[in-house]
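Structural description and commentary
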Amino acid sequence: MSMDLQRLTSLLRQCIQRYDMIAPGDVLAVGLSGGKDSLCLLMGLAALRRFYPVPFALHAIHVDVGAGMSPENISRMADFCVAQGVPFHHVKTQIYQIVFEERREKNPCSLCAKLRKGALNQKALELGCGKIVYAHHRDDFIETSLMNLLLEGRYDCFPPVTQLDKTGLQVLRPMLYVQERDVIGFARRYDLPVVANPCPADGHTRREDVKRFIRESRTQFPGIRESLFSAVTALFEENQP
């Protein structure tokens with residue numbers, strides 16, 4: 001059976017409380033790409049907000065990289081946010097033109113991500129948000145840790161909470177306990193208005209290679225995902241103040 005809203009809010013709450021993510025009066029900016037992960041996160045946080053013992057506010061920010069996102073898709077995202085009772089903000093940029101046309105990056109993902117984060121952070125600060133919320137789920141944590149090990153020779157992963165010294169913002173990743181397969185089921189169950197990623201590099205990245213590697217390794221190592229997740233959470237425990 002697919003994950004329902006009650007289960008999603010429970011998993012979000014567990015992570016938020018475990019890593020002390022939200023303080024009274026916090027204003028959170030959710031990075032909304034239009035993909036299944038960020039839509040799931042926004043719906044879960046909007047529901048959690050209604051009964052969470054600590055009051056907090058939400059804004060949804062979509063950074064449009066200029067890769068051909070249609071007005072219809074922007075409207076679908078905006079309507080979804082209205083239905084959740086969350087203000088929607090559309091930030092137009094020329095990131096696609098900079099990365100793909102002007103600089104013609106052979107490995108565009110790193111620069112694109114850096115520019116998107118910069119635009120998101122700037123808008124969040126303008127709105128008075130103190131914290132940015134990303135929709136990285138359990139599988140993202142696992143894949144990132146393995147990517148760092150295989151490609152950089154170090155075992156590391158982005159933590160559930162990150163302090164950005166330059167801006168004073170905090171980055172939160174409260175979907176640590178949510179599996180990608182549950183997000184897929186949730187999106188179908190609630191008919192989320194998922195928008196296709198217009199980026200030409202989508203599906204042709206190192207992350208996709210690592211996804212494939214883990215999937216194919218399950219034949220010989222059935223518990224590979226569980227072991228990798230245990231290693232990631234142990235890493236967080238070691239670094240927890």
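Residues numbered from 1 in each chain as written. Predicted model: local features only at pLDDT ≥ 70, side-chain atom pairs only at ≥ 80, totals over all residues. Heavy atoms only, no water.

**Remarks on the overall build of the protein**
- Per the secondary structure count, the protein includes nine helices and six strands.
- Every one of the 241 residues in the protein was classed for burial, and the buried ones make up 48%.
- Once local pairs closer than 6 in sequence are excluded, the contacts in the protein between residues at least 24 apart make up 77%.
- Surface summary for the protein: the accessible area is close to 12,600 Å², and the carbon and sulfur share equals 50%.
- Averaging the positions of the 30 positive and the 27 negative side-chain charges in the protein gives two centres separated by 1 Å. (Helix = DSSP H or I, 4+ residues; strand = E, 2+ residues; numbered from the N terminus. Buried < 20%, exposed > 50% of the residue type's maximum accessible area, 1.4 Å probe, protein only. Contact = heavy atoms within 4.5 Å. Areas by Shrake-Rupley, 256 points an atom, 1.4 Å probe, with all protein chains shown as cover. Lys, Arg positive; Asp, Glu negative; His and termini not counted. Charge placed at Lys NZ, Arg CZ, Asp CG, Glu CD.)

**Some points on helix α9 (residues 224–239)**
- Taking 1.5 Å of rise per residue, 16 residues should cover 22 Å, and α9 covers 23 Å from first to last C-alpha, within 8% of that figure.
- Every buried residue of α9 is accounted for by Ile224, Arg225, Leu228, Phe229, Val232, Thr233, Leu235 and Phe236. Buried residues along α9 cover an arc of 160 degrees about the axis, so they all sit on one side. (Expected span 1.5 Å × (residues − 1). Arc of directions from axis to C-beta.)

**Observations concerning the pairing of strand β1 (residues 26–31)**
- Of all six residues in β1, five are buried; the element is thus mostly enclosed.
- Taken together, the six bridges between β1 and strand β2 (residues 56–64) define a ladder with parallel strand orientation. Across the sheet, alanine 29 pairs through a bridge with histidine 59, a residue of β2.
- Remark: the β1/helix α2 (residues 36–49)/β2 crossover connection has right-handed handedness.
- The pairing of β1 with strand β4 (residues 131–133) spans three bridges and is classified as parallel. Following the sheet pairing, alanine 29 is matched in β4 by isoleucine 132. (Pairing = 2+ DSSP bridges. Right-handed = clockwise from strand over helix to strand, strands pointing away.)

**Focus: the side chain of serine 38**
- Turning to its location among the elements, serine 38 is positioned in helix α2.
- A polar atom in the side chain of serine 38 sits 3.4 Å from the backbone nitrogen of glycine 34.
- Apart from residues lying up to four places away in sequence, serine 38 is in contact with Gly31, Leu32, Ser33 and Ala135. (Polar contact = N/O pair within 3.5 Å; in protein donor to acceptor, adjacent residues only side chain to side chain.)

**Description of unusual backbone geometry**
- Phi at aspartate 20 is positive, roughly 50 degrees, even though this residue is not glycine.
- As for its placement among the helices and strands, aspartate 20 is situated in the loop between α1 (5–18) and β1.
- A positive phi is found at aspartate 191, a non-glycine position, where the angle reads about 50 degrees.
- Note on placement: aspartate 191 falls in the loop between α7 (180–189) and α8 (206–217).

**Some remarks on the packing of helix α4 (residues 95–102) against helix α5 (residues 109–126)**
- Across the interface, α4 lies against α5 with an axial gap of 10 Å and an inter-helix angle of 160 degrees. Taken together, the axes of α4 and α5 lie roughly antiparallel to each other. Seen from above, α4 lies across α5 with right-handed handedness. For the pair α4 and α5, the contacting residues are Ile95, Ile98 and Val99 in the first and Leu111, Cys112, Leu115 and Arg116 in the second.
- Broken down by class, the residue content of the contact of α4 with α5 amounts to six nonpolar, no polar and one charged. (Axes fitted to C-alpha atoms, helices over the stretch in contact; angles between N-to-C directions. Parallel < 35°, antiparallel > 145°, perpendicular 65-115°, else oblique. Left-handed = near helix turned anticlockwise from the far one by under 90°. Nonpolar A, V, L, I, M, F, W, Y, C, P; charged D, E, K, R; others polar.)

**Topic: the packing of aromatic side chains**
- If you walk through the whole model with that rule in mind, you get four aromatic pairs.
- Geometrically, the ring pair formed by phenylalanine 141 and phenylalanine 158 is edge-to-face, given 5.0 Å between the ring centres and 75 degrees between the ring planes. Residue phenylalanine 141 is located in helix α6 (residues 138–152), and its partner phenylalanine 158 is located in the loop between α6 and β5 (161–163); the two are separated by 17 residues in the primary sequence.
- With centroids separated by 5.8 Å and ring planes inclined at 80 degrees, the aromatic side chains of phenylalanine 141 and phenylalanine 236 adopt a geometry described as edge-to-face. Here phenylalanine 141, found in helix α6, pairs with phenylalanine 236, found in helix α9; they are 95 residues apart in sequence, far enough to count as distant.
- Grouping aromatic residues by their ring pairs yields a cluster made of Phe141, Phe158 and Phe236.
- Directly above the aromatic system of tyrosine 19 lies the positively charged group of arginine 18, at a separation of 5.0 Å from the ring centroid.
- Here the guanidinium or amino end of arginine 138 rests over the ring plane of phenylalanine 229, the centre of that ring lying 4.1 Å away. (Phe/Tyr/Trp six-rings, centres within 6.5 Å; stacked < 30°, edge-to-face > 60°. Lys NZ or Arg CZ within 6 Å of the ring centre and 35° of its normal.)

**Re the state of the cysteines**
- Counting across every chain of the model gives zero disulfides.
- Cysteine 15 takes part in no disulfide bond, and the closest cysteine sulfur to it belongs to cysteine 157, at a distance of 12 Å. (Disulfide = S-S within 2.5 Å.)

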